[in-house]
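Okay, here's what each chain looks like letter by letter:
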Amino acid sequence: MISLDGILLDAALAVILLAGALLLIRIWRGPSMLDRAVGVDVAAALMVAGIGVQAAHSRTRYYLSIMLVIAFLGFTSSVGIARFIAARDRPTEPAPVPEERP
């Protein structure tokens, strides 16, 4: 007999797979480095969601630590990429200070 839990988990997995396909398109076509950085962060979130679906399907708590590690790595990688982009976009020479005229 088909249970409601199985149907919902299959639907959640389908939505995660669709989001992953759209994410790959965004990473591939992203016009800026920031689009790709956000895509990497979303990829980590989708991995955590997929592992969460697997954990719910198998009814085990074994995957919780794996989910936490992936979430932490996704967060630290997005912060690192943001700092890299901020350092790259920062001007290297200070802007000239206008002189005051009496």
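Just so you know, these numbers come straight off a predicted model, no measurement behind them.

Undergrad: Before we move on, could you go through helix H1 (residues 4-29) and cite the residues and values that matter?
TA: With 26 residues, H1 extends 38 Å between its outermost C-alpha atoms, agreeing within 8% with the 38 Å of an ideal straight helix rising 1.5 Å per residue. Those residues of H1 that sit buried are Leu9, Ile16 and Leu23. Buried positions along H1 lie against helix H2 (33-58).

Undergrad: Lay out unusual backbone geometry in plain terms, naming residues and giving numbers.
TA: Keep in mind that most residues, glycine aside, have a negative phi and that most peptide bonds are trans. Even without being a glycine, Arg59 presents a positive backbone phi close to 55 degrees. Turning to its location among the elements, Arg59 is positioned in the loop between H2 and helix H3 (64-89). For Arg59, a relative accessible area of 66% puts it in the exposed group.

Undergrad: Break down the confidence of the model for the protein for me, with residues and values.
TA: Here the protein averages 86 in pLDDT, while 91% of its residues score no lower than 70. Per-element mean pLDDT across the protein ranges from 86 in H3 up to 92 in H1.

Undergrad: Residues and numbers for the pattern of salt bridges, please.
TA: Overall, the coordinates contain two salt bridges when judged by the stated rule. The shortest N-O distance in the salt bridge between Asp5 and Arg59 comes to 3.1 Å. Pair noted here: Asp5 is in helix H1 and Arg59 is in the loop between H2 and H3, with a separation of 54 residues, a long-range link. For Asp5, a relative accessible area of 42% gives the class partly exposed. Here Asp35 ties to Arg26 by a salt bridge, and the two come within 3.7 Å at their closest N and O atoms. Owing to a relative accessible area of 25%, Asp35 belongs among the partly exposed residues under this scheme. Accessibility expressed as a relative area gives 38% for Arg26, which makes it partly exposed.

Undergrad: Could you give me a rundown of the environment of Arg61, with the residues and numbers involved?
TA: Considering the arrangement of structural elements, one finds Arg61 in the loop between H2 and H3. For Arg61 and Ala44, which are 17 residues apart along the polypeptide, the C-alpha to C-alpha distance reads 19 Å.

Undergrad: Account for the nonpolar core, with residues named and values stated.
TA: Leu9, Ile16, Leu23, Leu46 and Val53 together form the largest nonpolar core, which totals five residues. Elements that contribute at least two residues to this core include exactly H1 and H2. Top contributing element to this core by residue count: H1, with three residues. Contacts of Leu46, omitting those with residues within four sequence positions, involve Ile16, Ala19, Gly20 and Leu23.

What counts as what
- Residues numbered from 1 in each chain as written.
- Predicted model: local features only at pLDDT ≥ 70, side-chain atom pairs only at ≥ 80, totals over all residues.
- Heavy atoms only, no water.
- Helix = DSSP H or I, 4+ residues; strand = E, 2+ residues; numbered from the N terminus.
- Expected span 1.5 Å × (residues − 1).
- Buried < 20%, exposed > 50% of the residue type's maximum accessible area, 1.4 Å probe, protein only.
- Contact = heavy atoms within 4.5 Å.
- pLDDT = per-residue confidence, 0-100.
- Salt bridge = Lys/Arg side-chain N within 4 Å of Asp/Glu carboxyl O.
- Core = buried A, V, L, I, M, F, W, Y, C linked by side-chain atoms within 4.5 Å.

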